[in-house]
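# Residue-level structure breakdown
Residues per chain are reported as follows:
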Amino acid sequence: MTQQEEIIRRRTFAVIAHPDAGKTTLTEKLLLFGGAIHVAGAVKSNKIKKGATSDFMEIERQRGISVATAVMGFEYGGRKINILDTPGHEDFAEDTYRTLSAVDSVIIVIDGAKGVEAQTRKLMNVCRMRKTPVIVFINKLDRPSKEPFDLLDEVEKELQIRVRPLAFPISNGPTFKGVYNLYEKNLSLFTSDERLTADASTAEIADLASPELDGYIGSKYAEQLRQDVELVEGVYDAFDRDAYLRGELAPVFFGSAVNNFGVRELLECFIRIAPSPRPAPTETREVEAAEAKMTGFVFKIHANMDPNHRDRIAFLKICSGTFERNRNYLHVRSGKQMKFSSPTAFMAEKKSVIDFAFPGDIVGLHDTGNFKIGDTFTEGEKLKFTGIPSFAPEQFRYIENADPLKFKQLAKGIDQLMDEGVAQLFTSALNGRKIIGTVGALQFEVIQYRLEHEYGAACRWEPISIHKACWIDSDNAAQLADFKRRKHTNMATDKHGRDVFLADTSYALALAQENFKDIRFHFTSEF
Ligand code: G4P
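In this text, all values refer to a predicted model and were calculated from it rather than measured experimentally.

## Details of the packing of helix α4 (residues 93-100) against helix α5 (residues 118-130)
As a packed pair, α4 and α5 sit with axes 10 Å apart at the nearest point and diverge in direction by 30 degrees. Relative to α5, the element α4 lies roughly parallel. Where α4 crosses over α5, the two elements pack in a sense that is right-handed. Between α4 and α5, the contacting residues are Ala93, Thr96, Tyr97 and Leu100 on the first element and Gln119, Lys122, Leu123, Val126, Cys127 and Arg130 on the second.

## A few points about the confidence of the model for the protein
Looking at the protein as a whole, its pLDDT mean stands at 87, while 88% of the residues score no less than 70. Note that pLDDT drops below 50 for residues 46-54; the model gives that stretch 20 contacts with residues more than four away or on any other chain. Segment residues 194-198: pLDDT under 50, and 14 contacts once partners within four positions in sequence are set aside and those in other chains are kept.

## Remarks on the pairing of strand β14 (residues 295-303)
Of all nine residues in β14, nine are buried; the element is thus mostly enclosed. Sheet analysis places β14 next to strand β15 (residues 312-320), joined by eight bridges and oriented antiparallel. Residue pairing in the sheet places valine 298 in a bridge with leucine 316 of β15. Judged from the two bridges that link them, β14 and strand β23 (residues 376-378) form a sheet pairing that is antiparallel. Looking across to β23, one finds that glycine 296 is bridged to phenylalanine 377.

## Focus on helix α13 (residues 477-486)
Of all the positions in α13, only Gln479, Leu480, Asp482 and Phe483 are classed as buried. The buried residues of α13 occupy an angular sector of 160 degrees when projected down its axis, which confines them to one face. Residues Ala477, Ala478 and Arg485 are exposed on α13 and point more than 90 degrees away from its buried face. Packed against the buried residues of α13 are β28 (468-474), β29 (491-493), β30 (499-503), α14 (506-515) and β31 (519-522).

## Things to note about the layout of surface pockets
Put simply, the largest pocket is a space of about 730 Å³. Forming the boundary of the largest pocket are 32 residues, of which Ile373, Lys384, His496, Arg498 and Ser525 lie nearest the centre. Looking at the lining of the largest pocket, the elements with two or more residues in it are α4, α11 (407-419) and β25 (424-428). With three residues, the top contributor of residues to the lining of the largest pocket is β25. Residue classes in the lining of the largest pocket are distributed as twelve nonpolar, eight polar and twelve charged.

## Considering the site of the ligand
Neighbouring residues of the ligand: 16 residues in total, closest Asp20, Lys23, Thr24, Thr25 and Ser256. In the environment of the ligand, an oxygen atom lies 3.0 Å from a nitrogen or oxygen atom belonging to the backbone of alanine 257. In the complex, the protein chains occlude 67% of the 710 Å² of accessible area that the ligand would expose alone. For the shell around the ligand, the element with the highest residue contribution is helix α2 (residues 23-33), accounting for three residues. Classifying every residue of the shell around the ligand by side-chain character gives four nonpolar, six polar and six charged.

## With respect to the environment of serine 525
Mapped onto the secondary structure, serine 525 falls in the segment after β31. Taking relative accessible area as the criterion, serine 525 reaches 12% and is therefore assigned buried. Taking the C-alpha atoms as reference, serine 525 lies 9.9 Å from glycine 387; in sequence the two are 138 residues apart. Once residues lying within four places of it in the same chain are set aside, the contact partners of serine 525 are Pro389, Ser390, Trp471 and Arg498.

## Observations concerning the pattern of salt bridges
Scanning all chains against the criterion turns up 40 salt bridges. A salt bridge links glutamate 248 to arginine 246; the shortest N-O distance between them is 3.1 Å. With a relative accessible area of 42%, arginine 246 lands in the partly exposed category. A salt bridge links arginine 285 to glutamate 291, with the nearest nitrogen and oxygen atoms 2.9 Å apart. Among the residues examined, arginine 285 registers a relative accessible area of 29% and is labelled partly exposed.

## Points about the sheet that holds strand β24 (residues 395-401)
The strand order across the open sheet built from eight strands is β27-β24-β26-β25-β29-β30-β28-β31, with neighbouring strands paired in antiparallel fashion. Looking at which strands have only one partner, the edges of the open sheet turn out to be β27 (459-463) and β31. Neighbour-to-neighbour, the strand axes of the sheet open up by a mean angle of 40 degrees, direction not taken into account. Bridge count between β25 and strand β26 (residues 434-438): four bridges; the pairing is antiparallel. Bridge pairing in β26 links phenylalanine 426 to isoleucine 435.

## A closer look at the packing of aromatic side chains
Tallied over the entire structure, the rule returns 17 aromatic pairs. Ring geometry for phenylalanine 340 and phenylalanine 371: centres 6.2 Å apart, planes at 65 degrees, overall edge-to-face. Placement of phenylalanine 340 in the loop between β18 (336-338) and β19 (344-347) and of phenylalanine 371 in the loop between β22 (362-367) and β23 is noted, with a sequence separation of 31 residues between them. Per residue, the accessibility class of phenylalanine 340 equals that of phenylalanine 371, and both read buried.

## Side note on unusual backbone geometry
In the Ramachandran plot, aspartate 20 falls in the positive-phi region, its phi being about 85 degrees despite a non-glycine side chain. Counting through the fold element by element, aspartate 20 comes out in the loop between β1 (10-17) and α2. Even without being glycine, glutamine 160 reaches a positive phi, approximately 50 degrees. Inspection of the secondary structure puts glutamine 160 in the loop between α6 (148-158) and β6 (162-165). The class for glutamine 160 is exposed, based on a relative accessible area of 54%.

## Looking at the side chain of serine 428
Within the secondary structure, serine 428 sits in strand β25. For serine 428, a relative accessible area of 7% corresponds to the buried category. A distance of 3.0 Å separates a polar atom in the side chain of serine 428 from a polar atom in the side chain of asparagine 431.

Analysis parameters
- The residue numbering used here restarts from 1 in each chain and proceeds along that chain's sequence as written.
- Owing to the predicted nature of the model, reporting of local features is limited to residues with pLDDT of at least 70; listing and counting of side-chain atom pairs is limited to 80 or more, with chain, interface and lining totals taken over all residues.
- Remark: hydrogens and water are excluded; side-chain values derive from all non-hydrogen atoms of the structure.
- All axes are obtained by fitting lines to C-alpha atoms, using only the stretch in contact for helices, and the reported angles, taken between N-to-C directions, cover 0 to 180 degrees.
- We count a stretch as a helix when DSSP gives it H or I for four or more residues in a row; a strand needs E for two or more, and each element gets its number in order from the N terminus.
- Should an angle fall under 35 degrees it is taken as roughly parallel, and over 145 as roughly antiparallel, whereas 65 to 115 is taken as roughly perpendicular and any remaining angle as oblique.
- If you view the pair so one helix is near and one far, a crossing is left-handed when the near helix is turned anticlockwise from the far one by less than a right angle, and right-handed when it is turned clockwise.
- The contact rule is simple, with two residues in contact once any of their heavy atoms fall within 4.5 Å.
- Note: pLDDT gives the predictor's confidence per residue, expressed from 0 to 100.
- Only protein chains enter the accessibility calculation, which uses a 1.4 Å probe. A residue is then buried if its area is under 20% of the maximum for its type, exposed if over 50%, and partly exposed in between.
- One requirement defines pairing of two strands: DSSP has to find at least two bridges between them.
- The arc in question is the one traced by the directions running from the helix axis out to the C-beta atoms.
- Of the two site types, the cavity is a set of points on a 1 Å grid over the protein atoms alone where a 1.4 Å probe fits but cannot get out, and the pocket is an open set with protein on both sides within 12 Å along at least five of seven lines, each lined by residues with an atom within 4 Å of a point.
- Grid points are joined across faces, edges and corners, and a volume is the space filled by probe spheres set on the points.
- Gly falls in the polar group here, along with every residue not listed as nonpolar (Ala, Val, Leu, Ile, Met, Phe, Trp, Tyr, Cys, Pro) or charged (Asp, Glu, Lys, Arg).
- Proximity is defined per residue: if any heavy atom of the residue lies within 4 Å of a molecule or strand, that residue is considered near it.
- Between N or O atoms, a polar contact is any pair within 3.5 Å; within protein, one atom must be a potential hydrogen donor and the other a potential acceptor, and residues adjacent in sequence are included only when both atoms are from side chains.
- The method behind every accessible area is Shrake-Rupley, applied with a 1.4 Å probe, and residues are considered shielded solely by the protein chains displayed.
- The term salt bridge refers to a pairing of a side-chain nitrogen on Lys or Arg with a carboxyl oxygen on Asp or Glu at a separation within 4 Å.
- The aromatic pairing rule takes the rings of Phe, Tyr and Trp, using the six-membered ring of Trp, and pairs them if the centres are within 6.5 Å, calling planes under 30 degrees apart stacked, those over 60 edge-to-face and the rest tilted.

Listed below in C-alpha cells is the structure:
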C-alpha cells in the first residue's frame, strides 16, 4: 500500500460523553465489530467513580487501565480505525482536551433519558473551537427516553450545532421497536438478547407506505414512523457531508449500546463519512498528511506503573510522512536528534513494536523524562504544532516541601508531573512561593500520592484564595508595566516565564479587564 492509500484508510477519533452516558460500552461494541476483542467486558471502564477520591489504589488501578486503553486500533471494512480513549472523570478534563487535539473527528454519546449534560457541553466547546467533525449517538433507547424531536432540538440548541438525523427511533423504553435507518432506508428491529457480536435483524423497507412495515412493528408504530420520517424530511435539509466535515453539522444516530443496537449503523456510516487525517496547524504553516517528511507531536505522556523504572510513555500523533523505527528525528524543542528502537502501536488491548506508522496513527515512545506535552518531531524542519492548549486552572494551592532532605526529589517530581500535564505550576511574584493550579480537586491528591510513590518526596498543601489564573500580554508596554506594578501581589509567572494574573474574585478580574483596556487576558495558554 502506498502512503497515500494508508492515509485515506485511516480514521482517528475519540468517543466523548458525560460520565455514565455509555462511552465505555459503545467503545467496546465498536471493538467487538472490529474483531479486536472477542468478549464483552474486555474494555475496563476507566472512570474514577465519584467518591473514590480518597482511594488511592483505585486511582493507581485506573491509571494502569488508562495506559492500556489509551489507544485502541482495529481494522474494519478495509479501514484502520484508531480510537483514542478519554478519561471520564471531569477532574481530568484537561487530559481529554489534549486528546481532542490528536483526533480527526469525534462521536458524542448522549443518554436519551438525560439529554445534553454539563460535560457534553464543555467537550463540544472544545470541538467547536477546533472545528472537529462530530457524530452524535443518542444511547439507552431501551430505557424510557425523551422524545426524539425534543432530543434533536436540545442537541442543536445546547451544543450549538445543526443536526441531521440519519436514523430515527421507533418508540423507546419497554416498547422500543427499533431504528429506521434514513441513510440506507432500512429498518433494524430491536431484540434485546444480542449482547455479544450478534447483529440486529434488519428488514429492507423500500417504501414506508407499504403494509409490510405494519407487519414488522404494528400499525400504531408504523403510522407514527411514517409521520416522523415525513417530518424529518420536511424539517431537515438533506445530509451535507461537507458541512459535517467543516464541523457545522452533526449527523445523529439512535440506539442502545449495551444491547449492541444501532452500533453497526453508526460504524458503517462513520467509516464512510468520517475524515481521514486532516491538515495539522503549526505556528508557521499547515502540515498536510500527504507530505513526504515525517512530522508528529506528543499529546499525552503517561508515567509507567513500575516504581523501579521511572520511565514514561509519550504518545506521538503522526501528522505527515511515514514514521520509521530506528530512524533519527529532530526533537525540535531540544534541537537533538533522537531515534527509537521500540516504538509501540496499540491494537485493542495489545501493544506491539512497529517498524512503520502513518499519519493518523499514534505511536508510543519510551521516554526517560525528556519529553513534554506539545513536543514536535520532524525530519529537520523547526515546526511547532499548535492547538494543544493549557486551560486556565480554577483550583489553587501552595505546594510546600514536607521533607527538607528530599528537596531535589520534590523539584524533579514537580517538574516531571507538570510536563505530563497533570497540573500547572506558577511562581508568585510577591514571595516566590510555588502555586499549583489544576482543573479539578482530585489532582492535588494524585500529585501528592505520586510524588511520594514515584519520587520519594513529600509535599504539603496550603490554601490560597484565587478565583482564576489567566495569562496576560499587551502591545502597550507602559500599561503592562503599570498593571504589573499595581497588581504585584497578584502576579505570577508560569513555567515558561510568562506573566500570569491571579485574580482573587470574578469581580476583581472584571474590574481589571475594564480598567486596563490595552491588556489582553487569555484563558488558554495558546494565544
Ligand atoms: P461511561 O463510559 O460513559 O461512563 O458509561 P458506561 O459505558 O460505563 O455505561 C454506564 C452505564 O450505562 C453502565 O451501567 C452501562 O451498562 C449502562 N449502559 C450503557 N449503554 C446502555 C444502553 O444502551 N441501555 C442501558 N439500559 N444501559 C446502558 P452500570 O450499571 O454503571 O455498569 P454495568 O454494571 O452495567 O457495567
